[in-house]
Amino acid sequence: MRLSRTASWFLLAFGVWSWFIWVSFVRNLWKNGSGLAFDAAGDPTSYFWVHLTLAVTSFLLGTAVGVLGLRSVLALRRESRTDRADGAARVDGADGADRAGRADRAGRADRAGRPDSDTSA
């Protein structure tokens, strides 16, 4: 499957955003002093476990999406470099063939003693 450049960069940005958001979320969850994440004895509550599971799952999915975006961006860059190299080779090759063709037509015209034309008289 081939992704567009826009989609590739979006997926990569989503992966980076996921790392930032969910790592920050877990850090804030860990430091939570409101009594929601930890009870009075300091043990994690169900709120903590549910939100930690949510954060880890989202972090892993975001990482997978980011990796897909990164691989796609890198593939598009490789493809772009290859296309530019192929394009330069085609331009050089076409230019050389064109010059050779003009020289050949000019040589035929000189030998025939008449100007070059595509039609034969």
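Residues numbered from 1 in each chain as written. Predicted model: local features only at pLDDT ≥ 70, side-chain atom pairs only at ≥ 80, totals over all residues. Heavy atoms only, no water.

1. Let's talk about the overall build of the chain
- A count of helices and strands for the chain gives two helices and zero strands.
- Across the 121 residues that make up the chain, the buried fraction comes to 19%.
- For the chain, contacts bridging at least 24 residues in sequence account for 59% of all contacts bridging at least 6.
- Here the chain displays about 9,100 Å² of accessible surface, and carbon together with sulfur accounts for 63% of that area. (Helix = DSSP H or I, 4+ residues; strand = E, 2+ residues; numbered from the N terminus. Buried < 20%, exposed > 50% of the residue type's maximum accessible area, 1.4 Å probe, protein only. Contact = heavy atoms within 4.5 Å. Areas by Shrake-Rupley, 256 points an atom, 1.4 Å probe, with all protein chains shown as cover.)

2. With respect to the side chain of His 51
- Among the secondary structure elements, His 51 is positioned in helix H2 (residues 46-112).
- A polar side-chain atom of His 51 sits 2.8 Å from the main-chain carbonyl oxygen of Tyr 47.
- Ignoring sequence-local partners within four residues, the contact set of His 51 consists of Phe 25 and Leu 29. (Polar contact = N/O pair within 3.5 Å; in protein donor to acceptor, adjacent residues only side chain to side chain.)

3. Topic: the environment of Val 73
- On the secondary structure map, Val 73 appears in helix H2.
- The exposure class of Val 73 is buried, given its relative accessible area of 5%.
- Separated by 69 residues in the primary sequence, Val 73 and Ser 4 have C-alpha atoms spaced 8.9 Å apart.

4. Brief notes about the packing of aromatic side chains
- Scanning the entire structure with this criterion turns up seven aromatic pairs.
- Seen in terms of ring centroids, Trp 22 and Phe 25 are 5.4 Å apart; in terms of plane orientation they differ by 75°. Their pairing is edge-to-face. You can see Trp 22 and its partner Phe 25 sitting in helix H1 (residues 5-30), three residues apart, about one turn around the helix.
- Residue Phe 25 is classed as partly exposed on the basis of its relative accessible area, which comes to 28%.
- Note on Trp 30 and Phe 38: the rings are 6.1 Å apart at their centroids and 80° apart in plane angle, and the pair reads as edge-to-face.
- With relative accessibility at 57%, the residue Trp 30 sits in the exposed group. (Phe/Tyr/Trp six-rings, centres within 6.5 Å; stacked < 30°, edge-to-face > 60°.)

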